[in-house]
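Structural features, examined
The lines below spell out each chain.
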Amino acid sequence: MDSDETAAETIPAWWHALVGQRCDEEMLRDNGRSVSFAEIDRRAEGIARGLLAHGAGKGTRVAILFPNRAEWLVSWLAVSRIGGIAVTLSTFFAPPEIAYTLAHADVAFVLSAREYLGHRYDERLAAAIPDLAECAGDAPLALPQCPHLRGIWFDERSGAPWSAGGFDDLIRDGESSPVSSPEMFAAVERAVSPADLALLMYTSGSTAAPKGVVHTQATVAGKIAYMARINAIIPNEIAEGDRTLINMPMFWVGGFL
C-alpha cells in the first residue's frame, strides 16, 4: 500500500487512490461473476450522479438494503462519494424495524435489492410503510410516517407502482440532468471533507429498537487503511493475491471492515 492510499482522509480520496492502482484488476466475485475495480467505479459514479439529479448531496441520508453483493459496494460508494450519509439496513429487518429505522434516520432515499433468498423487499417495504400504496413512482414520495423519504430504487425494476424504478433508470436520470454532469460530480467529490458524516450503521435490534451509530469520512477511510497497514484484516497474515470469503453481513461492522 503506498503513501497516497494510507494518507487518504475521505472515502472518495481513498477510493480514487485504490482504483487508480488496480483499475482493471478483479475486485470481487459475486455469485461466480468476476467484477473489476473499474466496473464498480463506473457503476458507483452512475448511481451517485443519479442521486445528485434527484437532489441528494452532502448530508443526505440514503438507506442501503442489500445482502453481500456487488450492489452493496456500489451503493455505499455512490452515497459516500457525494458526501451523503449511508444508512445501512439489515436484510433481516422485519417491516416494523424497517419503518423505525427509515423514520429514525430521516432517510431521504432508499437503494434496495428487489429480492434475496426468496424475500421480496418491495413487499417488505410496502408492509413497513402502508401509505406507499397510495403513491406513484413518477413523483417524489410524501409520507407522514417517513416525512423525509422521497424515492426508492431497486437493483432491478419492481412491479410496485410507488417505486422510482431500477438502478438503470437512476443512472439514466443522472446522465440527462445538468446538475449531475461529470464536471458537477467531480466538484461534489472534491467538496467532501474528512469531518463530514458518512455512515450511520444500525445494530441488529434483537432485544430492543435498532441503535444507530454515526461515523465520519475520516473515521471510515482511516480505519480501513489502518487495518490493512497492520495486517489486521481477518483472516490474519493475508497476502497479495489471497481471497477473503466475507460471510459476515456488510451492513454490520464486522463484515463492513
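**Details of the packing of helix α3 (residues 37-53) against helix α7 (residues 167-176)**
- Where α3 contacts α7, the two axes come as close as 7 Å, and the packing angle between them is 65°. By the angle between their directions, the pair α3 and α7 is classed as roughly perpendicular. Every pair of crossing elements has a handedness; the one defined by α3 and α7 is left-handed. Of the residues in α7, those in contact with Arg 43, Gly 46, Ile 47, Arg 49, Gly 50, Leu 51 and Ala 53 of α3 are Phe 167, Asp 168, Leu 170, Ile 171, Asp 173, Gly 174 and Glu 175.
- For the contact of α3 with α7, the per-class residue count stands at six nonpolar, three polar and five charged.

**Examining the packing of helix α5 (residues 95-104) against helix α6 (residues 121-128)**
- Two elements in contact, α5 and α6, have axes whose closest approach is 8 Å; the angle formed by their N-to-C orientations is 70°. Classed by the angle they form, the pair α5 and α6 counts as roughly perpendicular. Judged by residue contacts, Pro 95, Ile 98, Ala 99 and Leu 102 of α5 engage Arg 124, Leu 125, Ala 127 and Ala 128 from α6.
- Classifying every residue of the contact of α5 with α6 gives seven nonpolar, no polar and one charged.

**Notes on the pattern of salt bridges**
- The tally for this structure, following the rule as stated, stands at 15 salt bridges.
- Residues Glu 71 and Arg 69 are paired through a salt bridge, measuring 3.4 Å at the closest nitrogen-oxygen approach.
- Look at Arg 69 and you get buried, because its relative accessible area is 16%.
- If you follow the salt bridges from partner to partner, you end up with Glu 26, Arg 29 and Arg 243 in one network.

Parameters at a glance
- Residues numbered from 1 in each chain as written.
- Predicted model: local features only at pLDDT ≥ 70, side-chain atom pairs only at ≥ 80, totals over all residues.
- Heavy atoms only, no water.
- Axes fitted to C-alpha atoms, helices over the stretch in contact; angles between N-to-C directions.
- Helix = DSSP H or I, 4+ residues; strand = E, 2+ residues; numbered from the N terminus.
- Parallel < 35°, antiparallel > 145°, perpendicular 65-115°, else oblique.
- Left-handed = near helix turned anticlockwise from the far one by under 90°.
- Contact = heavy atoms within 4.5 Å.
- Nonpolar A, V, L, I, M, F, W, Y, C, P; charged D, E, K, R; others polar.
- Salt bridge = Lys/Arg side-chain N within 4 Å of Asp/Glu carboxyl O.
- Buried < 20%, exposed > 50% of the residue type's maximum accessible area, 1.4 Å probe, protein only.

Scope: geometric values only; no functional claims are made or implied.
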